[in-house]
There are 2 protein chains.
Amino acid sequence: MTAKPLNQLTASEIVAAIAAKKTTAEAVARACLDHIAAREPQVEAWQFLDPDFVIKQARALDASGKVGPLQGVPVGIKDIIDTADMPTEYGTPIHKGHRPRIDAALVALTRRAGGIIMGKTVTTEFANRHPGKTHHPKDHARTPGGSSSGSAAAVGDCMVPLAVGTQTTGSTIRPAAFCGCVGYRPTWGDIRCHGVMEASGSVDTVGLIARSAEDIALYRDVVLGITPQPLADNVVEAPRIGFCRTPYWNQCEPGTQKSLEDCAAKLAKAGAKVSDVTLPEAFSQLEDAHRWVTSFEFARNRAWEINHHYEMISETLRNNRLKDGLACSFEKYRESRSTLARLRRMMHDVFKDFDVLLVPAASGEAPVGLNATGNASHCLIGTSTHVPCMTLPLFIGPNGLPVGAQFMAARNNDRLLLEAARWVMANVAR
Amino acid sequence: MTAKPLNQLTASEIVAAIAAKKTTAEAVARACLDHIAAREPQVEAWQFLDPDFVIKQARALDASGKVGPLQGVPVGIKDIIDTADMPTEYGTPIHKGHRPRIDAALVALTRRAGGIIMGKTVTTEFANRHPGKTHHPKDHARTPGGSSSGSAAAVGDCMVPLAVGTQTTGSTIRPAAFCGCVGYRPTWGDIRCHGVMEASGSVDTVGLIARSAEDIALYRDVVLGITPQPLADNVVEAPRIGFCRTPYWNQCEPGTQKSLEDCAAKLAKAGAKVSDVTLPEAFSQLEDAHRWVTSFEFARNRAWEINHHYEMISETLRNNRLKDGLACSFEKYRESRSTLARLRRMMHDVFKDFDVLLVPAASGEAPVGLNATGNASHCLIGTSTHVPCMTLPLFIGPNGLPVGAQFMAARNNDRLLLEAARWVMANVAR
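Each chain has its residues counted from 1, running along the sequence as written. Chain A is the first chain written and ligand 1 is the first ligand written, with later ones labelled in order. For a predicted model such as this one, the threshold for reporting local features is a pLDDT of at least 70, and the threshold for listing and counting side-chain atom pairs is 80 or more; totals across whole chains, interfaces and linings nevertheless cover every residue.

1. Looking at the overall build of chain A
As a reminder of what qualifies: Only DSSP runs of H or I with at least four residues qualify as helices, and only runs of E with at least two residues qualify as strands; both kinds are numbered from the N terminus onward. Neighbour density around each residue's C-beta defines its exposure: 20 or more other C-beta atoms within 10 Å make it buried, 12 or fewer make it exposed, and counts between make it partly exposed, where C-beta atoms are placed from the backbone. Contact between two residues is assigned whenever their backbone-derived C-beta positions fall within 7 Å.
A count of helical and extended segments in chain A gives 14 helices and 11 strands. In terms of principal-axis extent, the alpha carbons of chain A reach across some 60 × 60 × 40 Å. In chain A, which comprises 430 residues, the proportion classed as buried is 62%. The contacts of chain A with a sequence gap of at least 6 include a subset with a gap of at least 24, amounting to 76%.

What follows is the structure, given as structure tokens:
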């Protein structure tokens, strides 16, 4: 047996332990469920959890004789992602008790690989800003971040080794950073969103949350529907890293700025080629363009709810995203979409000289209060330019809570990003 | 009262007649239902139709006092698009009797505008190749085309003035051309697909089918969720038209080639600036790239059905799209996606000298036989390059059946395409 409690194992460790017959899917599931039972009253990460059903799934898996690449790994699924055997409520009372007919594509691929769907994790309302019930696992008076609140809290608290979120602004990277996880937003368009509620399709992606870069690599291949390939050793010898303070740098807390600057120095010391990079002036248009594109699309995607249950939509959503979306002309929408397309091409050029960029993941530690989910601005660039992004749990803030460092690579360079992330974790992690 | 039977009115004519109190939504619905009752045994365009429920909706609309821009217009919805009050079966016995929880975004927007959902139209299996039951309305031994078979047959037969389809290869343009309709595929990304089954998201769009360009313009604005603006008069005085024989020209029947050549001459005579245009040699890569991108994505999107109901999937689908998709490596998929992105940029340059391109919509008349849906190659270019496309019912083939002419404009030039289409209909339609 491994020395660590089973609920603290990474997905890769679980797969290896089960393959070596050192444990079973059932034992892993029980360890995670026991930990959840102890912690859930304070953390409230789960929108739906049926322990008996989890054990039933795990036993069936152990008895099946099949061995998949994600064998016996418990996974939390954000509650805007369809599951055929569990409710999916999209963070709104409008859809209370709804049970979809089929699994989302990525859920079906997870199961095909031997993963166990542990339950549904809490999301903000329609994956927008109005928060759910979840608390930060390390300080219950603080937000875990959003919108993938329950997914990040559950992984950060070792309730599960893997969880799925989504990202339209900062909905995976931000909560993963707050909760001390490794968070990954893939190149836009790579992972199918069939059965995932669309917020704003022009920028939406699935997001993956884990506790290691290796686990992200493994689970990414599973949800891509391809045979997992382990990260190659030593592929990245001396990554070329651009340290980019971004237009949102002054929204970072001073301690976060210092941590990032120290990190850049440490990376250079460890052998990386680090240099400063400033984004072109045109990136000042990004925030506005993202706002109009996402709001226009979001308001159309909620047409049924607006027609039938407008009064059940939160004031936060009605007075912000929906109001913006309904006020935005089609001309303004298209112009904003074209602006984002131009910035994508510029971003591609930025990466000519760098393997990855180092940028803030969030302003600092998770803020106090459960009625908001923190500043998402630091994710605007990665999200809008469709590039792959990761947050790594590299820093500790003034209150002893995790602070993430975000790395981004050029579009389609997800493997390079993952390998660079592993290099960073091996060379500069505390 | 208008002279034409109510079921033969266009959507714009219905809206005007109801506004002028010359008719009612109920009377229009009854006329369409009566026509359907007479014709459906031969055409079989409908997967679900409940006449009593349609009349109930129409009466409620007449009594509501509200007047929307699509007031009283009956619309057919392809059965891969979710409806909360009617089944949605995706053309497969796997989903027999499934009733979604909510309307797809475009269905909710249609209802908000005063449109009446007439019923669900027959689709091929998962909007792929395996056909449904529908017959060509003018020759029941022939295919209506696919995959939006029922939508095109229903509009072509004057069962409804408007219907919604989708297009991943040629699934709107081809059946609309066969059935003598005006068919429209929008700029990729414009019309939200929330609640529309994803076939292959990288190229999927909704498609609209009508009997006039004005109706397409009206309904497009409705499903964009914006206030409809009528097409401006005389905006297009002398469209610059590129006559493009495409790499698939030799797949056209000789009569279709001649019709298109005559059409180009007629357009020039009517005042258009017509010149020949040849696509860059790189377009020879398009068909293969489209095949791998769509197959890779399609196979992942059907993960749940593959896990649970593989034996209920047709052999056609298993041995073609799914086999391709499961055999395609991620590297090949991404490379193919990059090829399509390159061709999109080249296509943008092609339009520097032209407002629209004239290309074939299909090889000729709808072929005899109900076990296939015809050649879709002529739609590969428009679909893969994300540009807006329309088919106009300009020709009659050797058997007296409709043959379409396809027009395409640059990405985002949908209004220009619609105005050019109106100009073409006014100046060269038979």
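Text resumes after the structure shown.
2. Focus: the environment of N375 of chain A
All names here are of chain A. Inspection of the secondary structure assignment puts N375 in the loop between β9 (356–360) and α13 (380–385). What makes N375 partly exposed here is the crowd of 18 C-beta atoms within 10 Å. Residues N375 and P5, 370 residues apart in the sequence, show an inter-C-alpha distance of 34 Å. Ignoring anything within four residues of it in the chain, the contact list for N375 reads Q251, A362 and S363.

3. Focus: the interface of chain A and chain B
Going by this rule: Gly counts as polar in this scheme, as do all residues outside two lists: the nonpolar Ala, Val, Leu, Ile, Met, Phe, Trp, Tyr, Cys and Pro, and the charged Asp, Glu, Lys and Arg.
Taken together, the 29 residues of chain A in the interface contact 29 residues of chain B. At the level of elements, α4 (105–112), α9 (286–301), α10 (303–309) and α12 (330–350) of chain A are the ones that each hand at least two residues to the side of chain A that touches chain B. For the side of chain A that touches chain B, the leading source of residues is α4 of chain A, giving 5 residues. Classifying every residue of the side of chain A that touches chain B by side-chain character gives 10 nonpolar, 10 polar and 9 charged.

4. What to know about helix α3 (residues 51–64) of chain A
All names here are of chain A. This is how the line gets drawn: By this rule, a helix spans an expected 1.5 Å times one less than how many residues it contains. Our arc is simply the arc of the directions from the helix axis toward the C-beta atoms.
Taking 1.5 Å per residue as the helical rise, α3 with its 14 residues ought to reach 20 Å, and the 20 Å between its terminal C-alpha atoms agrees with that figure. Along α3, the residues classified as buried are V54, Q57, A58 and L61. Along the axis of α3, the buried positions cluster into a sector of 95°, meaning they face one direction only. Turned more than 90 degrees from where α3 packs its buried face, D52, A60 and A63 sit exposed. Those residues of α3 that are buried are in contact with α2 (25–43) and β3 (116–121).

5. Focus on the relation of the copies chain A and chain B
Note the cut-off: Least squares is the method used to superpose the copies, on C-alpha atoms of residues holding a pLDDT of at least 70 in both.
Under the fitted operation, chain A is carried onto chain B by 0.0 Å of movement along the axis and a turn of 180°, and the coordinates agree to an RMSD of 0.0 Å. Both copies are brought into coincidence by an operation consistent with a two-fold rotation axis. Minimal C-alpha separation from the rotation axis in chain A is found for P100 of chain A, amounting to 3.9 Å. In this assembly, 100% of the residues forming the interface of chain A have copies in chain B that are likewise at the interface, indicating an isologous arrangement.

6. As for unusual backbone geometry
Here the bond from G146 of chain A into S147 of chain A is cis, since omega is 5°, no more than 30 degrees from zero. Tracing the backbone through its elements, the reader meets S147 of chain A in the loop between β3 and α5 (149–156). Here the phi dihedral of T246 of chain B falls at roughly 60°; this positive angle occurs in a residue that is not glycine. Tracing the backbone through its elements, the reader meets T246 of chain B in the loop between β7 (240–243) and α8 (254–269).

7. Here we look at the pairing of β9 of chain A
Residues and elements named next belong to chain A. Inclusion rule: Strands are labelled as partners when DSSP assigns at least two bridges between them.
Along β9, 5 of the 5 residues are buried, which leaves the element largely enclosed by surrounding structure. Where strand β7 (residues 240–244) and β9 come together, 3 bridges link them in parallel fashion. Residue pairing across strands places F243 opposite L358, the latter belonging to β9. In the sheet, β9 pairs with strand β11 (residues 402–409) via 5 bridges, with the strands oriented antiparallel. In the strand pairing of β11, P360 is matched with A405.

8. Some points on the sheet that holds strand β4 (residues 162–167) of chain B
Residues and elements named next belong to chain B. Keep this limit in mind: To get an axis, a line is fitted to the C-alpha atoms, and for a helix only the part in contact is used. The angle between two axes follows their N-to-C directions and goes from 0 to 180 degrees.
Across the sheet, which stays open at both edges, the 11 strands sit in the order β1-β3-β2-β4-β6-β5-β10-β11-β9-β7-β8 with mixed pairing between neighbours. At either end of the open sheet lies a strand with only one pairing partner, and these are β1 (46–49) and β8 (273–276). If you compare each strand with its neighbour and ignore which way they point, the axes differ by 30° on average. Bridge count between strand β5 (residues 182–185) and strand β10 (residues 389–396): 3 bridges; the pairing is antiparallel. Note that in β10 the partner of Y184 across the bridge is M390. Sheet strands touched by helix α5 (residues 149–156): β1, β2 (74–78), β3 (116–121), β4 and β6 (205–210). Its angle to β4, the strand with the most contacts, is close to 150°.

9. Describing the environment of L9 of chain A
Residue and element names in this part refer to chain A. Among the structural elements, L9 can be located in the segment before α1 (11–19). Judged by C-beta crowding, with 22 C-beta atoms within 10 Å, L9 ranks as buried. Note: C-alpha distance between L9 and V160 (151 residues apart in sequence) is 8.9 Å.

10. Regarding the sheet that holds β7 of chain A
Residue and element names in this part refer to chain A. Spatially, β1-β3-β2-β4-β6-β5-β10-β11-β9-β7-β8 is the arrangement adopted by the 11 strands of the open sheet, whose pairing is mixed. Each edge of the sheet is formed by a strand with only one pairing partner; in this case those strands are β1 (46–49) and β8 (273–277). Direction aside, the axes of adjacent strands within the sheet are offset by 30° on average. Contacts from α4 reach β2 (74–78), β3, β4 (162–167) and β6 (205–210), with the element oriented near 150° to β3. Those strands touched by helix α14 (residues 414–428) are β9, β10 (389–396) and β11, and its axis lies near 140° from that of β11.

11. With respect to helix α2 (residues 25–43) of chain B
Residue and element names in this part refer to chain B. Counted only if it meets this: Bend at a given residue is defined as the angle between two axes, one fitted to the seven residues that end at that position and one fitted to the seven that begin there.
The sharpest bend along α2 comes to roughly 40°, located at A37, with the proline P41 sitting one to four residues further on. When we look at burial in α2, the residues that qualify are A25, E26, V28, A29, C32, L33, I36 and V43. Taken together, the buried residues of α2 touch α1 (11–19), β1, α3 (51–64), β2, β3 and α5. Backbone geometry just after α2 places E44 at a positive phi near 55°.

12. Comments concerning the packing of α9 of chain A against α12 of chain A
If you want to describe how two helices pack, look at the angle between their axes and the distance between the axes. Residue and element names in this part refer to chain A. Here is the rule we go by: The scheme is simple: roughly parallel for angles under 35 degrees, roughly antiparallel for over 145, roughly perpendicular for 65 to 115, oblique for anything else. Handedness of a crossing is defined here by the sense of rotation of the near helix relative to the far one, left-handed for an anticlockwise turn of less than a right angle and right-handed for a clockwise turn.
Between α9 and α12, the shortest axis-to-axis distance is 8 Å and the interhelical angle comes to 130°. Relative to α12, the element α9 lies oblique. Relative to α12, α9 is oriented so that their crossing is left-handed. Each of L286, A289, H290, W292, V293 and F296 in α9 lies in contact with α12, whose residues at this interface are K332, Y333, S336, R337, T339, L340 and L343. Considering only residue class, the contact of α9 with α12 consists of 8 nonpolar, 3 polar and 2 charged.

13. Quick word on the pairing of β6 of chain A
All names here are of chain A. Counting buried residues in β6 gives 6 out of 6 residues, a clear majority hidden from the surface. Summarising the sheet, strand β5 (residues 182–185) and β6 pair through 3 bridges and their orientation is antiparallel. From the neighbouring strand, Y184 faces β6, where its bridge partner is L208.

14. Some thoughts on the packing of α2 of chain A against α3 of chain A
Residues and elements named next belong to chain A. The contact between α2 and α3 brings their axes to 8 Å, and the two run at 160°. Relative to α3, the element α2 lies roughly antiparallel. Where α2 crosses over α3, the two elements pack in a sense that is right-handed. Across the interface between the two elements, A25, E26, A29, R30 and L33 of α2 pack against P51, V54, I55, A58, R59, L61 and D62 of α3.

Nothing here speaks to function; it is all geometry.
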